[in-house]
There are 2 protein chains.
Amino acid sequence: MEIKVVRKILDVNARMAEENRRLFTANGVFVLNVMSSPGSGKTTILEKSLSLIGIRSAVIVGDICTTNDADRLARSGAPVVQVNTDEFGGDCHLAAHVIENAAREIDLADIDLLIVENVGNLVCPAEFDIGEDARVVVLSVAEGEDKPVKYPLMFRECQATLLNKTDLLPYLDYDVEKACGYIHQVHPGMPIFRMSAKTGEGLDPWLEWLREQVKRKLG
Amino acid sequence: MEIKVVRKILDVNARMAEENRRLFTANGVFVLNVMSSPGSGKTTILEKSLSLIGIRSAVIVGDICTTNDADRLARSGAPVVQVNTDEFGGDCHLAAHVIENAAREIDLADIDLLIVENVGNLVCPAEFDIGEDARVVVLSVAEGEDKPVKYPLMFRECQATLLNKTDLLPYLDYDVEKACGYIHQVHPGMPIFRMSAKTGEGLDPWLEWLREQVKRKLG
């Protein structure tokens, strides 16, 4: 019974996601969905990426409460829309109808890339299609190596992993090869970009990959 | 409509949680629910705490997949039951009926303390009463200071915060006072235990607090 209801919600979401996808494609916009645990460094990665990417971009930021992340991202000059999910019952993820609503605040004709910073949660957001073209997961090296096998859906559903906070590696018992092995156990061949958004190290290959994805859709 | 259904699930959960609470109390068991983001160090804290607490304990560990955490905790000698929520539809939290099921695997007459290590998720587990006597949230200093205001329900619902990985502080731009300010903004007067489970520093005040909670219930 409960499962039936959840399925129904996911069906409705899938239909709305397809509508979003049509809208974004009609307006020549590539949509990237960025997901992770709380505190993995999504906002810092996006702050740096927005200033370096060289593509007209906007951001939709999802948080249960606060506009902290939107305030930080707005300094990049890109249009930023904050969604506070406490207005939607404290949702633990961004759903397609929430994105549809938020996207109305953005002039889609003015941008080529829309980045969605999802709610910090390594579980639920992976289940909700929002009409994106690509999904990436950020994993902090401070989180331990085994997260990909403990939260496999997220790593299965994403097209790339951003392994962040590598500047902390000298101070952690963290085995990068082991972590990459776990990622590839769940998602063989998945690109993994090692980076420290804080120092800026390792951002270039990630930005190159993202530019390539955008170019492939928009030409 | 969706909200109505969610409410109904939460109502059923609340009733089952009360049954759990009666069962645990009848058997003289104090139940602690430990929650956090993925990778905050819950398992390491519990490994160390089990060996130092001096109370007969058992653990129920929730993960979507893997028995990694249970394997680590079992080395303490305490009875450990692993719940893999992928058998319950990949649930992002432990619900009361799951705890009821798992508790059947434990001889409650043999223990005074049952620790539940919840699924790594700073959002959903806070909504589900499992019949516990106390709840604590683990926050890693690698996650950034503003998590309490971004995920307020969790910090409101818990009786203490375990601020972990303090050994990393010299390598982070982390303002502990700011983090504590945010915690107390959401939950005035909440005890905050600063610790490094890795080095063992700061564990004593936390263990003393936990012993006091157990004693208050069981005498």
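Residues numbered from 1 in each chain as written. Chains lettered and ligands numbered in written order. Predicted model: local features only at pLDDT ≥ 70, side-chain atom pairs only at ≥ 80, totals over all residues. Heavy atoms only, no water.

Draft legend 1. Quick peek at the overall build of chain A. Scanning chain A from N- to C-terminus turns up eight helices and seven strands. In summary, chain A has a C-alpha radius of gyration of 17 Å against a globular reference of 17 Å for 219 residues, a match within 12%. Considering only C-alpha atoms, chain A reaches an extent of 45 × 45 × 35 Å along its principal axes. Classification of the 219 residues of chain A by burial places 58% in the buried group. Carbon and sulfur atoms make up 50% of the accessible area of chain A, which totals about 8,900 Å². Side chains of chain A give 24 positive and 33 negative charges; the mean places of these two sets differ by 3 Å. (Helix = DSSP H or I, 4+ residues; strand = E, 2+ residues; numbered from the N terminus. Rg over C-alpha atoms; globule rule 2.2 N^0.38 Å. Buried < 20%, exposed > 50% of the residue type's maximum accessible area, 1.4 Å probe, protein only. Areas by Shrake-Rupley, 256 points an atom, 1.4 Å probe, with all protein chains shown as cover. Lys, Arg positive; Asp, Glu negative; His and termini not counted. Charge placed at Lys NZ, Arg CZ, Asp CG, Glu CD.)

Draft legend 2. Geometry of the interface of chain B and chain A. Taken together, the contacts link 34 residues of chain B with 34 residues of chain A. Both faces combined, the contact of chain B with chain A buries some 2,900 Å², and carbon together with sulfur accounts for 60% of it. Broken down residue by residue, the surface that chain B buries against chain A is led by Pro 38, Lys 150 and Tyr 171 of chain B, which jointly contribute 20%. Counting the contacts that link chain B with chain A gives six salt bridges. (Contact = heavy atoms within 4.5 Å. Buried area = accessible area lost by both parts, 1.4 Å probe. Salt bridge = Lys/Arg side-chain N within 4 Å of Asp/Glu carboxyl O.)

Draft legend 3. Looking closely at the relation of the copies chain B and chain A. Once turned by 180 degrees and shifted 0.0 Å along the axis, chain B lies on chain A with an RMSD of 0.0 Å. The symmetry that links the two subunits is that of a two-fold axis. (Least-squares fit on C-alpha atoms with pLDDT ≥ 70 in both.)

Draft legend 4. Geometry of the sheet that holds strand β6 (residues 160-164) of chain B. Residues and elements named next belong to chain B. The seven strands are arranged β3-β2-β4-β1-β5-β6-β7 in an open sheet whose pairing can be described as parallel. Edge positions in the sheet fall to β3 (80-84) and β7 (192-194), since each has one partner strand and no second. Strand-to-strand twist across the sheet, computed as the mean angle between neighbouring axes with direction ignored, equals 20 degrees. Helix α8 (residues 203-218) rests against β1 (30-36), β4 (113-117), β5 (134-140), β6 and β7 of the sheet, and its axis sits at about 140 degrees to β1. (Pairing = 2+ DSSP bridges. Axes fitted to C-alpha atoms, helices over the stretch in contact; angles between N-to-C directions.)

Draft legend 5. A look at the pattern of salt bridges. Residues and elements named next belong to chain A. For the coordinates displayed, the defined rule picks out 30 salt bridges over all chains. Between Arg 21 and Asp 129 there is a salt bridge, with the nearest N and O atoms lying 2.7 Å from each other. Of this pair, Arg 21 sits in helix α1 (residues 2-26) while Asp 129 sits in the loop between β4 (113-117) and β5 (134-140), placing them 108 residues apart in sequence. One salt bridge connects Asp 146 with Lys 147, and the closest N-O pair in it is separated by 3.0 Å. The exposure classification of Asp 146 matches that of Lys 147, with both residues buried. Shared partners join several salt bridges into a network, and the residues in it are Glu 18, Arg 21, Asp 129, Glu 132, Arg 135 and Glu 157.

Draft legend 6. Representation of the confidence of the model for chain A in the model. Taken residue by residue, chain A gives an average pLDDT of 94. The fraction at 70 or more is 96%. Scored as a whole, the predicted complex attains pTM 0.92, and scored at its interfaces, ipTM 0.88. (pLDDT = per-residue confidence, 0-100.)

Draft legend 7. Region of interest: the sheet that holds strand β2 (residues 57-63) of chain A. All names here are of chain A. Pairing is parallel across the open sheet formed by seven strands, whose spatial order is β3-β2-β4-β1-β5-β6-β7. Of all the strands in the sheet, the pair left with one neighbour each is β3 (80-84) and β7 (192-194). On average, each strand axis in the sheet is tilted by 20 degrees relative to the strand beside it, whichever way the strands run. Packed on one face of the sheet, helix α2 (residues 42-52) meets β1 (30-36), β2, β4, β5 and β6 (160-164) and runs near 165 degrees to β4. Together, β5, β6 and β7 form the strand contacts of helix α7 (residues 176-186), whose direction differs from that of β7 by roughly 155 degrees.

Draft legend 8. View of the packing of α2 of chain A against helix α8 (residues 203-218) of chain A. All names here are of chain A. It is the contact of α2 with α8, at a shortest axis distance of 11 Å, that shows an interaxial angle of 65 degrees. As judged from the angle between their axes, α2 and α8 are roughly perpendicular. The handedness of the crossing between α2 and α8 is right-handed. The segment α2 lies against α8, with Ile 45, Lys 48, Ser 49 and Leu 52 engaging Leu 203, Trp 206, Leu 207 and Arg 211. Its residues placed into classes, the contact of α2 with α8 shows five nonpolar, one polar and two charged. (Parallel < 35°, antiparallel > 145°, perpendicular 65-115°, else oblique. Left-handed = near helix turned anticlockwise from the far one by under 90°. Nonpolar A, V, L, I, M, F, W, Y, C, P; charged D, E, K, R; others polar.)

Draft legend 9. The packing of aromatic side chains, seen in detail. The tally for this structure, following the rule as stated, stands at seven aromatic pairs over all chains. Taking 3.4 Å as the distance between ring centres and 0 degrees as the angle between the ring planes, the aromatic pair formed by Tyr 171 of chain A and Tyr 171 of chain B counts as stacked. Pair noted here: Tyr 171 of chain A is in the loop between β6 and α7 and Tyr 171 of chain B is in the loop between β6 and α7 (176-186), and the two residues belong to different chains. Tyr 171 of chain A gets classed as partly exposed once you look at its relative accessible area, which sits at 33%. Measuring from ring centre to ring centre gives 6.0 Å for Trp 206 of chain A and Trp 209 of chain A, while their planes differ by 25 degrees; the resulting arrangement is stacked. A residue pair is termed a helical-turn pair when its members lie 3 or 4 positions apart in one helix, as Trp 206 of chain A and Trp 209 of chain A do in helix α8 at three residues. With a relative accessible area of 1%, Trp 206 of chain A lands in the buried category. (Phe/Tyr/Trp six-rings, centres within 6.5 Å; stacked < 30°, edge-to-face > 60°.)

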